[in-house]
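Chain and residue survey
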Amino acid sequence: MPAEIVYYQEDGEAVPLVDWLEELPARALQKCLARLERLEQLGHELRRPEADYLRDDIYELRASYQRVHYRMLYFFHRRSAVVVSHGLTKERAVPPREIDLAITRKQRFDANPKRHTFKPKG
């Protein structure tokens, strides 16, 4: 079932995922964007190896390139919107502080979706 993808936006207009994506090598960026497209197409139905549940309603979107593991943390808002909190590279498990950051962003987003919504183009 298709889902609307939005990115979390901070109060100061910064969009953590966009900032992170801009720093990636071109090939890694392509892989991450492909994963975001799959998330948009499948929403809740996306599973491993492309996505996985972490904890406390936070999920990870998974991409790899040249042995580097890229993760984009996201959560669902209502039935159809997917909010991507931020991205990171990892070696083993996603650090708890990164999940905690996504939980905090989810709480802020749930309290004021309009203020914290950034809609990517394309």
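Just so it is clear, the model here is predicted, and its values are computed rather than measured.

As a further point, take the side chain of Gln 9. Residue position: Gln 9 is located in the loop between β1 (4–8) and α1 (16–22). Overall, Gln 9 belongs to the buried group, its relative accessible area being 8%. Within the local environment of Gln 9, its side chain forms a polar contact with the side chain of Glu 13, the two groups lying 2.9 Å apart. When sequence neighbours within four positions are dropped, the list of residues in contact with Gln 9 reads Ala 14, Val 15, Arg 115, His 116, Thr 117 and Phe 118.

Below, the discussion takes up the pairing of strand β5 (residues 81–90). β5 sits mainly inside the fold: nine of its 10 residues count as buried. With four bridges joining them, β1 and β5 adopt parallel strand pairing. Note on β5: the bridge partner recorded for Glu 4 is Ala 81. As paired strands, strand β4 (residues 68–77) and β5 are joined by nine bridges and run antiparallel to one another. Of the residues in β5, the one forming a bridge with Met 72 is Gly 87. The antiparallel pairing of β4 with β5 creates a hairpin that spans three residues between the two strands, and Arg 78 there sits at a positive phi of about 60 degrees.

The rules behind the values
- All chains use their own residue numbering, which begins from 1 and follows the written sequence.
- Restriction of local features to residues with pLDDT of at least 70 applies here, the model being predicted, together with a cutoff of 80 or more for giving and counting side-chain atom pairs; totals for whole chains, interfaces and linings are based on all residues.
- Only hydrogens and water are set aside; all other atoms, that is, all heavy atoms of the structure, feed into the side-chain values.
- Secondary structure elements are taken from DSSP: a helix is a run of H or I of four residues or more, a strand is a run of E of two residues or more, and numbering for both begins at the N terminus.
- For every residue, the accessible area obtained with a 1.4 Å probe (protein chains only) is divided by the maximum for its type, and the residue is called buried under 20%, exposed over 50%, and partly exposed between those limits.
- Identification of polar contacts relies on pairs of N or O atoms within 3.5 Å, with a donor-acceptor requirement for protein atoms, meaning one able to donate a hydrogen and the other able to accept it, and with residues adjacent in sequence counted only if both atoms are side-chain atoms.
- It only takes one pair of heavy atoms within 4.5 Å for two residues to be counted as in contact.
- DSSP calls a pair of strands paired once it identifies at least 2 bridges connecting them.

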